[in-house]
Amino acid sequence: MFPKGLTCSGSAASLLLVGLLIGLGANLDRVSGDVGLVHRRFEYKYSFKPPYLAQKDGTVPFWEYGGHAIASSENVRIAPSLRSQKGAIWTKQKTNFDWWEVEIVFRVSGRGRIGADGLAFWYTSEKGSYLGDVFGSSDRWVGLGIFFDSFDNDNKHNNPYISAVLNDGTRQFDHQQDGSTQLLSGCLRDFRNKPFPTRAKIEYYNNILTVLFHNGMTNNDQNYEMCFRAENVVLPKTGYFGLSAATGGLADDHDVFHFLTTSLHIPGQFKEEPAPGEDAAKLTQEYQDYQKKLELQKEEYRKEHPDEQKDDLDSLFEDFNERELRQIWEAQTNTFEQLRTLSSKLDEVIGRQERTLGLLSVSAQAGAGGAPPPQIAVGGGVGAGSTIMRHEVDALLQNQNVMVQTVREIRSIIGEVHARTDSILSNQARAPTAQVQAGGYDVQSLMNEMRDGMNQVRQGVAGVAQRLQTHGTGPQAQGSVQCPTQNCLSLTAFLVVIVVQLLVMLGYSMYRDSREAQAKKFY
(Lines give C-alpha, C1' and ligand atoms only; values in the text may rest on other atoms or scores of the structure.)
Protein backbone atom coordinates (compact mmCIF):
# COMPACT_ATOMS: atom_id res chain seq x y z
CA MET A 1 0.00 0.00 0.00
CA PHE A 2 1.27 3.41 -0.93
CA PRO A 3 0.27 6.51 1.01
CA LYS A 4 -2.14 9.02 -0.38
CA GLY A 5 -0.60 11.12 -3.11
CA LEU A 6 1.77 8.33 -4.23
CA THR A 7 0.77 5.91 -6.92
CA CYS A 8 2.83 3.19 -8.54
CA SER A 9 1.83 0.72 -11.21
CA GLY A 10 2.88 -2.94 -11.10
CA SER A 11 5.27 -2.62 -14.07
CA ALA A 12 6.99 0.41 -12.57
CA ALA A 13 7.43 -1.35 -9.26
CA SER A 14 8.89 -4.37 -11.02
CA LEU A 15 11.37 -2.22 -12.96
CA LEU A 16 12.39 -0.43 -9.76
CA LEU A 17 12.96 -3.74 -7.97
CA VAL A 18 15.03 -5.11 -10.87
CA GLY A 19 17.16 -1.97 -10.90
CA LEU A 20 17.79 -2.22 -7.19
CA LEU A 21 18.79 -5.86 -7.51
CA ILE A 22 21.14 -5.11 -10.40
CA GLY A 23 22.79 -2.28 -8.47
CA LEU A 24 23.05 -4.44 -5.38
CA GLY A 25 24.66 -7.21 -7.39
CA ALA A 26 27.17 -4.79 -8.90
CA ASN A 27 28.02 -3.43 -5.46
CA LEU A 28 28.45 -6.93 -4.09
CA ASP A 29 30.77 -7.80 -6.97
CA ARG A 30 32.77 -4.65 -6.29
CA VAL A 31 32.97 -5.33 -2.58
CA SER A 32 33.96 -8.94 -3.10
CA GLY A 33 36.64 -7.82 -5.51
CA ASP A 34 37.88 -5.20 -3.08
CA VAL A 35 38.18 -7.47 -0.07
CA GLY A 36 39.82 -10.18 -2.14
CA LEU A 37 37.21 -12.94 -1.70
CA VAL A 38 38.86 -15.04 -4.39
CA HIS A 39 40.75 -18.29 -4.31
CA ARG A 40 44.45 -17.69 -4.91
CA ARG A 41 46.96 -20.28 -6.03
CA PHE A 42 50.66 -19.76 -6.58
CA GLU A 43 51.75 -20.92 -10.05
CA TYR A 44 55.37 -22.02 -9.81
CA LYS A 45 55.58 -22.94 -13.51
CA TYR A 46 55.02 -19.29 -14.41
CA SER A 47 57.32 -17.80 -11.76
CA PHE A 48 60.97 -17.42 -10.86
CA LYS A 49 62.78 -16.00 -7.84
CA PRO A 50 66.17 -16.27 -6.08
CA PRO A 51 68.12 -18.07 -4.81
CA TYR A 52 69.09 -20.62 -7.43
CA LEU A 53 67.10 -18.75 -10.03
CA ALA A 54 69.23 -20.21 -12.82
CA GLN A 55 70.55 -23.77 -12.87
CA LYS A 56 74.21 -24.75 -13.30
CA ASP A 57 73.74 -25.01 -17.06
CA GLY A 58 72.38 -21.44 -17.15
CA THR A 59 68.74 -22.35 -17.81
CA VAL A 60 65.76 -21.02 -15.87
CA PRO A 61 63.20 -23.73 -15.03
CA PHE A 62 59.97 -23.40 -17.07
CA TRP A 63 61.32 -20.33 -18.87
CA GLU A 64 63.27 -19.56 -22.05
CA TYR A 65 65.40 -16.48 -22.61
CA GLY A 66 67.43 -15.14 -25.50
CA GLY A 67 69.00 -12.12 -27.12
CA HIS A 68 71.39 -10.35 -24.77
CA ALA A 69 69.63 -11.53 -21.61
CA ILE A 70 71.80 -13.05 -18.87
CA ALA A 71 70.47 -15.31 -16.11
CA SER A 72 72.24 -15.82 -12.78
CA SER A 73 71.36 -17.35 -9.44
CA GLU A 74 70.04 -14.02 -8.10
CA ASN A 75 68.40 -12.23 -11.05
CA VAL A 76 67.82 -12.09 -14.78
CA ARG A 77 69.50 -9.18 -16.54
CA ILE A 78 67.15 -8.66 -19.47
CA ALA A 79 69.37 -6.03 -21.11
CA PRO A 80 72.81 -4.89 -19.87
CA SER A 81 74.01 -1.30 -19.76
CA LEU A 82 75.56 -1.37 -23.22
CA ARG A 83 74.38 0.39 -26.33
CA SER A 84 71.84 -1.28 -28.64
CA GLN A 85 71.19 -4.33 -26.47
CA LYS A 86 67.96 -6.35 -26.52
CA GLY A 87 66.74 -9.36 -24.63
CA ALA A 88 63.63 -11.19 -23.48
CA ILE A 89 62.46 -14.11 -21.35
CA TRP A 90 59.21 -16.07 -21.93
CA THR A 91 57.35 -18.90 -20.23
CA LYS A 92 57.57 -22.27 -21.97
CA GLN A 93 53.86 -23.05 -21.83
CA LYS A 94 50.58 -21.18 -21.98
CA THR A 95 48.46 -20.39 -18.98
CA ASN A 96 45.59 -22.70 -18.00
CA PHE A 97 43.67 -20.14 -15.91
CA ASP A 98 41.54 -17.13 -16.78
CA TRP A 99 42.41 -14.58 -14.11
CA TRP A 100 45.81 -13.90 -12.65
CA GLU A 101 48.02 -11.59 -10.64
CA VAL A 102 51.72 -10.99 -11.34
CA GLU A 103 54.20 -9.29 -9.00
CA ILE A 104 57.47 -8.11 -10.53
CA VAL A 105 60.48 -6.97 -8.50
CA PHE A 106 62.99 -5.21 -10.73
CA ARG A 107 65.67 -2.54 -10.86
CA VAL A 108 66.49 -0.12 -13.68
CA SER A 109 69.79 1.63 -12.98
CA GLY A 110 72.35 3.57 -14.97
CA ARG A 111 75.08 6.16 -14.62
CA GLY A 112 73.39 8.89 -16.62
CA ARG A 113 70.64 11.26 -15.58
CA ILE A 114 68.54 9.91 -18.44
CA GLY A 115 68.27 6.24 -19.35
CA ALA A 116 66.94 4.19 -22.22
CA ASP A 117 64.91 2.48 -23.42
CA GLY A 118 62.94 0.59 -20.80
CA LEU A 119 61.37 -2.66 -19.61
CA ALA A 120 58.18 -4.34 -20.85
CA PHE A 121 55.74 -6.90 -19.39
CA TRP A 122 53.85 -9.07 -21.85
CA TYR A 123 50.78 -11.28 -21.83
CA THR A 124 50.25 -12.41 -25.41
CA SER A 125 48.71 -15.29 -27.28
CA GLU A 126 52.09 -16.20 -28.82
CA LYS A 127 55.69 -15.69 -27.76
CA GLY A 128 57.43 -12.63 -29.03
CA SER A 129 60.89 -12.21 -30.48
CA TYR A 130 64.07 -11.89 -28.44
CA LEU A 131 65.46 -9.09 -30.62
CA GLY A 132 62.27 -7.24 -31.54
CA ASP A 133 61.55 -3.57 -32.16
CA VAL A 134 59.23 -2.92 -29.21
CA PHE A 135 61.36 -2.91 -26.07
CA GLY A 136 63.17 -6.01 -27.32
CA SER A 137 60.04 -7.97 -28.34
CA SER A 138 57.88 -8.30 -31.46
CA ASP A 139 55.55 -5.67 -32.83
CA ARG A 140 51.90 -6.35 -33.78
CA TRP A 141 51.32 -8.61 -30.81
CA VAL A 142 47.98 -10.00 -29.68
CA GLY A 143 47.36 -9.25 -26.04
CA LEU A 144 48.66 -6.84 -23.41
CA GLY A 145 51.91 -4.93 -23.11
CA ILE A 146 52.80 -2.82 -20.06
CA PHE A 147 55.82 -0.62 -20.74
CA PHE A 148 58.14 0.95 -18.18
CA ASP A 149 59.43 3.60 -20.59
CA SER A 150 62.47 5.53 -19.39
CA PHE A 151 63.29 7.57 -22.53
CA ASP A 152 61.32 10.60 -23.74
CA ASN A 153 60.89 10.14 -27.49
CA ASP A 154 58.13 12.74 -27.95
CA ASN A 155 59.97 15.47 -25.98
CA LYS A 156 56.97 16.09 -23.73
CA HIS A 157 59.06 15.64 -20.58
CA ASN A 158 56.71 12.96 -19.27
CA ASN A 159 59.16 10.12 -18.70
CA PRO A 160 59.78 7.75 -16.96
CA TYR A 161 56.22 6.60 -17.67
CA ILE A 162 54.23 3.41 -17.10
CA SER A 163 51.75 2.69 -19.87
CA ALA A 164 49.45 -0.16 -20.92
CA VAL A 165 48.78 -0.85 -24.58
CA LEU A 166 46.37 -3.43 -26.06
CA ASN A 167 46.91 -4.79 -29.56
CA ASP A 168 44.94 -7.17 -31.72
CA GLY A 169 47.87 -7.92 -34.03
CA THR A 170 47.04 -5.29 -36.64
CA ARG A 171 48.50 -2.10 -35.19
CA GLN A 172 52.11 -1.04 -35.21
CA PHE A 173 53.50 0.54 -32.06
CA ASP A 174 54.04 4.30 -32.33
CA HIS A 175 57.60 4.82 -31.05
CA GLN A 176 57.81 8.51 -31.91
CA GLN A 177 54.87 9.34 -29.64
CA ASP A 178 55.80 6.78 -26.95
CA GLY A 179 52.54 4.96 -27.76
CA SER A 180 50.41 7.83 -26.45
CA THR A 181 47.96 7.48 -29.36
CA GLN A 182 47.39 3.79 -28.52
CA LEU A 183 47.43 4.14 -24.75
CA LEU A 184 44.90 2.24 -22.64
CA SER A 185 45.97 3.92 -19.42
CA GLY A 186 49.13 4.89 -17.56
CA CYS A 187 50.81 6.93 -14.86
CA LEU A 188 53.93 9.05 -14.44
CA ARG A 189 56.29 7.27 -12.03
CA ASP A 190 60.06 7.40 -11.64
CA PHE A 191 61.59 3.92 -11.35
CA ARG A 192 65.28 4.58 -12.18
CA ASN A 193 68.18 4.49 -9.69
CA LYS A 194 66.17 3.83 -6.54
CA PRO A 195 67.78 2.76 -3.24
CA PHE A 196 65.61 -0.39 -3.11
CA PRO A 197 64.21 -2.53 -5.92
CA THR A 198 61.00 -1.21 -7.44
CA ARG A 199 57.89 -3.38 -7.62
CA ALA A 200 54.84 -3.64 -9.84
CA LYS A 201 51.72 -5.68 -9.16
CA ILE A 202 49.54 -6.39 -12.19
CA GLU A 203 46.10 -7.92 -11.59
CA TYR A 204 43.59 -9.10 -14.19
CA TYR A 205 40.28 -10.26 -12.70
CA ASN A 206 36.73 -10.07 -14.12
CA ASN A 207 38.01 -8.10 -17.13
CA ILE A 208 39.42 -5.41 -14.83
CA LEU A 209 43.10 -4.57 -15.19
CA THR A 210 44.74 -2.99 -12.13
CA VAL A 211 48.37 -1.91 -11.85
CA LEU A 212 49.93 -1.03 -8.49
CA PHE A 213 53.43 0.44 -8.20
CA HIS A 214 56.08 0.51 -5.44
CA ASN A 215 58.57 3.35 -5.95
CA GLY A 216 61.52 1.61 -4.24
CA MET A 217 62.12 4.39 -1.71
CA THR A 218 61.43 2.07 1.24
CA ASN A 219 62.12 -1.55 2.03
CA ASN A 220 58.47 -2.20 2.92
CA ASP A 221 57.19 -4.64 0.30
CA GLN A 222 53.56 -3.64 0.97
CA ASN A 223 53.98 0.08 0.27
CA TYR A 224 52.09 0.06 -3.05
CA GLU A 225 50.22 2.93 -4.65
CA MET A 226 47.63 2.90 -7.42
CA CYS A 227 48.96 3.51 -10.91
CA PHE A 228 45.80 2.90 -12.96
CA ARG A 229 42.65 0.77 -13.15
CA ALA A 230 40.95 -0.04 -16.44
CA GLU A 231 37.64 -1.87 -16.85
CA ASN A 232 36.20 -3.89 -19.74
CA VAL A 233 39.62 -5.18 -20.74
CA VAL A 234 39.43 -8.35 -22.83
CA LEU A 235 42.62 -10.42 -23.07
CA PRO A 236 43.26 -13.80 -24.69
CA LYS A 237 41.86 -16.76 -22.77
CA THR A 238 45.29 -18.34 -22.56
CA GLY A 239 48.67 -16.84 -23.24
CA TYR A 240 52.37 -16.55 -22.47
CA PHE A 241 53.95 -14.32 -19.86
CA GLY A 242 57.13 -12.51 -20.84
CA LEU A 243 59.58 -9.75 -20.02
CA SER A 244 61.75 -7.81 -22.44
CA ALA A 245 64.05 -4.81 -22.41
CA ALA A 246 66.14 -2.76 -24.79
CA THR A 247 68.78 -0.02 -24.79
CA GLY A 248 69.65 2.61 -27.40
CA GLY A 249 72.20 5.39 -27.49
CA LEU A 250 71.77 5.56 -23.72
CA ALA A 251 71.94 2.39 -21.65
CA ASP A 252 70.65 1.08 -18.33
CA ASP A 253 70.87 -2.23 -16.54
CA HIS A 254 67.44 -3.90 -16.53
CA ASP A 255 67.45 -6.51 -13.75
CA VAL A 256 64.46 -8.62 -12.67
CA PHE A 257 64.67 -10.39 -9.30
CA HIS A 258 61.18 -11.84 -8.81
CA PHE A 259 58.39 -12.79 -11.18
CA LEU A 260 55.61 -14.28 -9.06
CA THR A 261 52.38 -15.45 -10.69
CA THR A 262 49.20 -16.22 -8.78
CA SER A 263 46.08 -17.59 -10.42
CA LEU A 264 42.74 -16.11 -9.26
CA HIS A 265 39.60 -18.25 -9.14
CA ILE A 266 36.01 -17.41 -8.36
CA PRO A 267 35.00 -18.83 -4.96
CA GLY A 268 33.19 -22.15 -5.25
CA GLN A 269 34.35 -22.78 -8.82
CA PHE A 270 37.94 -23.83 -8.10
CA LYS A 271 38.70 -27.53 -8.16
CA GLU A 272 42.09 -28.80 -7.14
CA GLU A 273 43.49 -30.83 -10.01
CA PRO A 274 45.04 -34.04 -8.72
CA ALA A 275 48.40 -34.99 -10.09
CA PRO A 276 48.23 -37.55 -12.89
CA GLY A 277 48.75 -41.10 -11.74
CA GLU A 278 51.66 -41.70 -14.06
CA ASP A 279 53.51 -38.55 -12.95
CA ALA A 280 52.95 -39.32 -9.26
CA ALA A 281 54.18 -42.88 -9.69
CA LYS A 282 57.20 -41.63 -11.62
CA LEU A 283 58.10 -39.10 -8.97
CA THR A 284 57.70 -41.68 -6.20
CA GLN A 285 59.93 -44.14 -8.03
CA GLU A 286 62.59 -41.49 -8.61
CA TYR A 287 62.54 -40.58 -4.94
CA GLN A 288 62.91 -44.22 -3.86
CA ASP A 289 65.78 -44.76 -6.31
CA TYR A 290 67.52 -41.67 -4.98
CA GLN A 291 67.15 -42.88 -1.40
CA LYS A 292 68.63 -46.29 -2.30
CA LYS A 293 71.52 -44.65 -4.12
CA LEU A 294 72.20 -42.41 -1.12
CA GLU A 295 72.24 -45.37 1.28
CA LEU A 296 74.67 -47.27 -0.98
CA GLN A 297 77.01 -44.26 -1.07
CA LYS A 298 76.90 -44.00 2.72
CA GLU A 299 77.72 -47.67 3.09
CA GLU A 300 80.65 -47.44 0.67
CA TYR A 301 81.98 -44.42 2.52
CA ARG A 302 81.79 -46.28 5.85
CA LYS A 303 83.75 -49.19 4.38
CA GLU A 304 86.42 -46.91 2.90
CA HIS A 305 86.79 -44.84 6.10
CA PRO A 306 86.34 -47.16 9.08
CA ASP A 307 88.36 -44.90 11.41
CA GLU A 308 85.91 -42.04 11.04
CA GLN A 309 83.01 -44.14 12.27
CA LYS A 310 84.10 -43.76 15.88
CA ASP A 311 82.77 -40.23 15.98
CA ASP A 312 79.02 -40.18 15.78
CA LEU A 313 77.99 -37.06 13.92
CA ASP A 314 74.61 -37.02 15.60
CA SER A 315 76.26 -36.66 18.98
CA LEU A 316 77.97 -33.45 17.86
CA PHE A 317 74.66 -31.65 17.46
CA GLU A 318 71.94 -31.22 20.02
CA ASP A 319 68.40 -32.07 19.09
CA PHE A 320 65.38 -29.90 19.71
CA ASN A 321 64.56 -31.38 23.12
CA GLU A 322 68.10 -30.96 24.43
CA ARG A 323 68.28 -27.39 23.24
CA GLU A 324 64.91 -26.58 24.84
CA LEU A 325 65.97 -28.18 28.14
CA ARG A 326 69.25 -26.28 28.10
CA GLN A 327 67.47 -22.99 27.50
CA ILE A 328 65.01 -23.72 30.32
CA TRP A 329 67.84 -24.57 32.70
CA GLU A 330 69.75 -21.40 31.80
CA ALA A 331 66.63 -19.30 32.31
CA GLN A 332 65.96 -20.89 35.70
CA THR A 333 69.59 -20.41 36.74
CA ASN A 334 69.50 -16.73 35.81
CA THR A 335 66.21 -16.33 37.64
CA PHE A 336 67.65 -17.95 40.76
CA GLU A 337 70.70 -15.67 40.66
CA GLN A 338 68.51 -12.60 40.32
CA LEU A 339 66.31 -13.73 43.20
CA ARG A 340 69.32 -14.29 45.41
CA THR A 341 70.65 -10.83 44.59
CA LEU A 342 67.27 -9.28 45.32
CA SER A 343 67.11 -11.19 48.63
CA SER A 344 70.47 -9.81 49.74
CA LYS A 345 69.42 -6.30 48.72
CA LEU A 346 66.18 -6.69 50.65
CA ASP A 347 68.02 -7.83 53.79
CA GLU A 348 70.28 -4.80 53.55
CA VAL A 349 67.32 -2.46 53.17
CA ILE A 350 65.55 -4.07 56.15
CA GLY A 351 68.69 -3.67 58.32
CA ARG A 352 68.98 0.00 57.40
CA GLN A 353 65.30 0.50 58.11
CA GLU A 354 65.60 -1.08 61.58
CA ARG A 355 68.58 1.11 62.46
CA THR A 356 66.73 4.20 61.29
CA LEU A 357 63.64 3.29 63.31
CA GLY A 358 65.80 2.76 66.42
CA LEU A 359 67.37 6.19 66.08
CA LEU A 360 63.97 7.78 65.53
CA SER A 361 62.52 6.09 68.61
CA VAL A 362 65.43 7.29 70.78
CA SER A 363 65.06 10.83 69.43
CA ALA A 364 61.32 10.76 70.12
CA GLN A 365 61.84 9.65 73.73
CA ALA A 366 64.43 12.35 74.32
CA GLY A 367 62.16 15.01 72.86
CA ALA A 368 59.21 13.89 75.01
CA GLY A 369 61.23 14.12 78.28
CA GLY A 370 62.64 17.58 77.50
CA ALA A 371 66.18 16.26 77.81
CA PRO A 372 68.96 17.20 75.38
CA PRO A 373 69.71 14.88 72.47
CA PRO A 374 71.39 11.67 73.54
CA GLN A 375 75.13 11.39 73.38
CA ILE A 376 76.77 8.49 71.69
CA ALA A 377 78.79 6.38 74.12
CA VAL A 378 82.10 4.84 73.27
CA GLY A 379 80.75 1.35 73.73
CA GLY A 380 77.82 1.99 71.42
CA GLY A 381 75.19 2.77 74.12
CA VAL A 382 73.67 5.91 75.57
CA GLY A 383 74.90 6.91 79.03
CA ALA A 384 76.43 9.58 81.21
CA GLY A 385 79.98 8.32 81.41
CA SER A 386 82.78 8.20 78.85
CA THR A 387 80.79 9.83 76.06
CA ILE A 388 81.79 11.55 72.82
CA MET A 389 80.15 14.81 71.87
CA ARG A 390 78.59 15.41 68.48
CA HIS A 391 81.30 17.80 67.30
CA GLU A 392 83.92 15.22 68.30
CA VAL A 393 82.13 12.60 66.23
CA ASP A 394 82.06 15.01 63.25
CA ALA A 395 85.76 15.73 63.71
CA LEU A 396 86.46 11.98 63.88
CA LEU A 397 84.53 11.37 60.67
CA GLN A 398 86.30 14.26 58.96
CA ASN A 399 89.68 12.89 60.02
CA GLN A 400 88.68 9.48 58.76
CA ASN A 401 87.69 10.94 55.39
CA VAL A 402 91.00 12.77 55.20
CA MET A 403 92.83 9.52 55.99
CA VAL A 404 90.89 7.69 53.30
CA GLN A 405 91.68 10.42 50.78
CA THR A 406 95.35 10.33 51.78
CA VAL A 407 95.44 6.56 51.39
CA ARG A 408 93.92 6.90 47.93
CA GLU A 409 96.52 9.49 46.96
CA ILE A 410 99.32 7.23 48.27
CA ARG A 411 97.85 4.35 46.34
CA SER A 412 97.74 6.42 43.16
CA ILE A 413 101.36 7.51 43.69
CA ILE A 414 102.44 3.93 44.23
CA GLY A 415 100.57 2.89 41.13
CA GLU A 416 102.24 5.64 39.12
CA VAL A 417 105.67 4.58 40.40
CA HIS A 418 104.87 0.99 39.58
CA ALA A 419 103.75 1.96 36.08
CA ARG A 420 106.91 3.97 35.48
CA THR A 421 109.02 1.07 36.76
CA ASP A 422 107.26 -1.29 34.40
CA SER A 423 107.83 1.12 31.51
CA ILE A 424 111.57 1.35 32.35
CA LEU A 425 111.82 -2.44 32.54
CA SER A 426 109.95 -2.86 29.28
CA ASN A 427 112.18 -0.28 27.58
CA GLN A 428 115.28 -2.07 28.84
CA ALA A 429 113.82 -5.39 27.72
CA ARG A 430 113.33 -4.01 24.19
CA ALA A 431 116.95 -2.77 24.10
CA PRO A 432 119.25 -4.99 21.94
CA THR A 433 121.91 -5.50 24.64
CA ALA A 434 119.82 -5.06 27.77
CA GLN A 435 119.88 -7.52 30.63
CA VAL A 436 116.96 -6.95 32.96
CA GLN A 437 117.73 -7.61 36.60
CA ALA A 438 115.49 -7.56 39.66
CA GLY A 439 116.69 -4.09 40.63
CA GLY A 440 115.86 -2.55 37.28
CA TYR A 441 119.51 -1.96 36.13
CA ASP A 442 122.39 -4.10 34.94
CA VAL A 443 124.31 -4.20 38.28
CA GLN A 444 126.87 -6.74 37.12
CA SER A 445 127.91 -4.69 34.08
CA LEU A 446 128.07 -1.56 36.27
CA MET A 447 130.41 -3.27 38.75
CA ASN A 448 132.62 -4.44 35.89
CA GLU A 449 132.87 -0.88 34.58
CA MET A 450 133.72 0.40 38.06
CA ARG A 451 136.43 -2.24 38.46
CA ASP A 452 137.94 -1.34 35.09
CA GLY A 453 137.94 2.34 36.04
CA MET A 454 139.73 1.65 39.30
CA ASN A 455 142.35 -0.41 37.50
CA GLN A 456 142.92 2.41 35.05
CA VAL A 457 143.33 4.89 37.94
CA ARG A 458 145.84 2.61 39.64
CA GLN A 459 147.82 2.21 36.44
CA GLY A 460 147.85 5.97 35.98
CA VAL A 461 149.06 6.58 39.53
CA ALA A 462 151.79 3.93 39.14
CA GLY A 463 152.90 5.53 35.88
CA VAL A 464 153.11 8.95 37.52
CA ALA A 465 155.15 7.56 40.43
CA GLN A 466 157.55 5.81 38.06
CA ARG A 467 158.08 9.02 36.12
CA LEU A 468 158.77 10.92 39.30
CA GLN A 469 161.32 8.33 40.36
CA THR A 470 162.93 8.40 36.93
CA HIS A 471 163.27 12.13 36.90
CA GLY A 472 164.36 12.15 40.56
CA THR A 473 167.49 10.06 39.94
CA GLY A 474 169.29 12.83 38.09
CA PRO A 475 171.31 15.45 39.91
CA GLN A 476 169.28 18.27 38.43
CA ALA A 477 165.95 16.75 39.30
CA GLN A 478 166.75 16.24 42.94
CA GLY A 479 166.42 19.96 43.56
CA SER A 480 163.09 20.22 41.72
CA VAL A 481 161.45 17.28 43.49
CA GLN A 482 160.09 18.38 46.82
CA CYS A 483 159.18 14.94 48.21
CA PRO A 484 161.29 12.23 46.58
CA THR A 485 161.12 9.97 49.63
CA GLN A 486 157.28 9.96 50.12
CA ASN A 487 154.17 9.63 47.97
CA CYS A 488 152.83 12.82 46.41
CA LEU A 489 149.23 11.45 46.50
CA SER A 490 147.69 10.80 49.87
CA LEU A 491 145.21 7.98 50.56
CA THR A 492 142.35 10.42 51.24
CA ALA A 493 142.83 12.22 47.95
CA PHE A 494 142.97 8.87 46.14
CA LEU A 495 139.73 7.68 47.70
CA VAL A 496 138.02 10.98 46.92
CA VAL A 497 139.05 10.73 43.28
CA ILE A 498 137.80 7.15 43.12
CA VAL A 499 134.42 8.03 44.67
CA VAL A 500 133.99 11.03 42.36
CA GLN A 501 134.80 8.90 39.35
CA LEU A 502 132.35 6.19 40.41
CA LEU A 503 129.62 8.76 40.95
CA VAL A 504 130.30 10.29 37.54
CA MET A 505 130.17 6.84 35.89
CA LEU A 506 126.98 5.89 37.71
CA GLY A 507 125.31 9.18 36.77
CA TYR A 508 126.41 8.79 33.17
CA SER A 509 125.04 5.24 33.05
CA MET A 510 121.66 6.30 34.41
CA TYR A 511 121.56 9.30 32.06
CA ARG A 512 122.36 7.06 29.08
CA ASP A 513 119.63 4.58 30.00
CA SER A 514 117.04 7.33 30.38
CA ARG A 515 118.04 8.86 27.03
CA GLU A 516 117.72 5.47 25.32
CA ALA A 517 114.31 4.89 26.89
CA GLN A 518 113.08 8.30 25.73
CA ALA A 519 114.46 7.73 22.25
CA LYS A 520 112.66 4.38 21.94
CA LYS A 521 109.28 5.97 22.57
CA PHE A 522 109.35 7.36 19.05
CA TYR A 523 109.62 3.92 17.41
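Residues numbered from 1 in each chain as written. Predicted model: local features only at pLDDT ≥ 70, side-chain atom pairs only at ≥ 80, totals over all residues. Heavy atoms only, no water.

So, the overall build of the chain
Point 1. For the chain, the count of helices and strands is seven helices and 17 strands.
Point 2. Residues classed as buried in the chain amount to 27% of the 523 residues present.
Point 3. Excluding contacts between residues fewer than 6 apart, the proportion of contacts in the chain whose partners are at least 24 apart in sequence is 65%. (Helix = DSSP H or I, 4+ residues; strand = E, 2+ residues; numbered from the N terminus. Buried < 20%, exposed > 50% of the residue type's maximum accessible area, 1.4 Å probe, protein only. Contact = heavy atoms within 4.5 Å.)

So, the sheet that holds strand 10 (residues 183-188)
Point 1. Read from one edge to the other, the open sheet built from seven strands follows the order 2-5-14-7-8-9-10, with strand pairing classed as antiparallel. Pairing within the sheet leaves two strands with one partner each, and these edge strands are strand 2 (63-67) and strand 10. Across the sheet, the mean angle from the axis of one strand to that of its neighbour is 15°, orientation sign disregarded.
Point 2. Inspection of the sheet shows strand 9 (residues 161-168) paired to strand 10 by five bridges, in the antiparallel sense. The residue bridging Tyr161 from the neighbouring strand is Leu188, located in strand 10. (Pairing = 2+ DSSP bridges. Axes fitted to C-alpha atoms, helices over the stretch in contact; angles between N-to-C directions.)

Quick word on the pairing of strand 12 (residues 208-214)
Along a regular strand, successive side chains alternate from one face of the sheet to the other.
Point 1. With respect to burial, strand 12 is a largely interior element, five of its seven residues being buried.
Point 2. In the sheet, strand 11 (residues 198-205) pairs with strand 12 via seven bridges, with the strands oriented antiparallel. Residue pairing for strand 12: Ile202 is matched across the bridge by Val211.
Point 3. In textbook terms, the turn of a hairpin is the stretch between consecutive antiparallel strands, and for strand 11 and strand 12 this stretch comprises two residues, one of which, Asn206, has a positive phi near 55°.

Here's the deal with the nonpolar core
Point 1. Core analysis: the largest hydrophobic core is formed by 47 residues, its most contacted members being Phe48, Trp100, Phe106, Phe121 and Phe241.
Point 2. Sort the elements by how many residues they give to this core and strand 6 (residues 99-109) lands first, with six residues.
Point 3. When neighbours within four sequence positions are excluded, Phe106 is seen to be in contact with Leu119, Phe148, Phe191, Pro197, Thr198, Arg199, Ala200, Phe213, Asp255, Val256 and Phe257.
Point 4. Among the nonpolar cores identified, the runner-up in size contains eleven residues, and Ala88, Trp90, Trp122 and Trp141 belong to it. (Core = buried A, V, L, I, M, F, W, Y, C linked by side-chain atoms within 4.5 Å.)

Describing the pattern of salt bridges
Point 1. Scanning the model with the defined rule gives 17 salt bridges in all.
Point 2. Here Glu126 ties to Lys94 by a salt bridge, and the two come within 3.7 Å at their closest N and O atoms. Of this pair, Glu126 sits in the loop between strand 7 (118-124) and strand 8 (142-149) while Lys94 is found in the loop between strand 5 (86-91) and strand 6, placing the two residues 32 residues apart along the sequence.
Point 3. Assessed through its relative accessible area of 30%, Lys94 is described here as partly exposed. (Salt bridge = Lys/Arg side-chain N within 4 Å of Asp/Glu carboxyl O.)

Details of the side chain of Thr247
Point 1. Structurally, the position occupied by Thr247 is in the loop between strand 14 (240-246) and strand 15 (253-265).
Point 2. At 3.2 Å, the side chain of Thr247 forms a polar contact with the backbone nitrogen of Ser84.
Point 3. Discounting residues that sit within four places of it in the chain, Thr247 has contacts with Ala79, Pro80, Leu82, Arg83, Ser84, Gln85, Ala116, Asp117, Asp252 and His254. (Polar contact = N/O pair within 3.5 Å; in protein donor to acceptor, adjacent residues only side chain to side chain.)

So, the packing of aromatic side chains
Point 1. Applying the stated criterion across every chain yields a total of 26 aromatic pairs.
Point 2. Three or more aromatic residues link up through ring pairs in this structure, and these residues are Tyr46, Phe48, Trp63, Phe97, Trp99, Trp100, Phe121, Tyr123, Tyr204, Tyr205, Phe241 and Phe259. (Phe/Tyr/Trp six-rings, centres within 6.5 Å; stacked < 30°, edge-to-face > 60°.)

Thoughts on unusual backbone geometry
Point 1. Note that the residue after Ala116, namely Asp117, is joined by a cis bond; omega there is -15°.
Point 2. Topologically, Asp117 is positioned in the loop between strand 6 and strand 7.
Point 3. Between Asn159 and Pro160 the backbone carries a cis peptide bond, its omega angle lying at 5°.
Point 4. Turning to its location among the elements, Pro160 is positioned in the loop between strand 8 and strand 9.
Point 5. Positive phi is not limited to glycine here, since Ser84 has a value of about 55°.
Point 6. Relative to the assigned elements, Ser84 resides in the loop between strand 4 (76-79) and strand 5.
Point 7. In this structure, Asp178 is a non-glycine residue whose phi angle is positive, near 55°.
Point 8. Positionally, Asp178 belongs in the loop between strand 9 and strand 10.

Points about the state of the cysteines
Point 1. Summed over all chains, the structure comprises one disulfide.
Point 2. One disulfide in the model links Cys187 with Cys227; its S-S distance is 1.8 Å. Sign of the S-S torsion, about -95° for the bond between Cys187 and Cys227, identifies this disulfide as left-handed. You can see Cys187 sitting in strand 10 and its partner Cys227 sitting in strand 13 (residues 225-230), a full 40 residues away along the chain. Just as Cys187 is buried, Cys227 falls in that class too. (Disulfide = S-S within 2.5 Å.)

Overview of the confidence of the model for the chain
Point 1. Overall, the predicted model of the chain reaches an average pLDDT of 77, with 69% of residues at or above 70.
Point 2. Predicted confidence for residues 1-35 stays below pLDDT 50, and this span has three contacts to residues more than four positions away or in other chains.
Point 3. Ignoring residues within four places in sequence, the model shows residues 474-483, a span with pLDDT below 50, making six contacts including any to other chains. (pLDDT = per-residue confidence, 0-100.)

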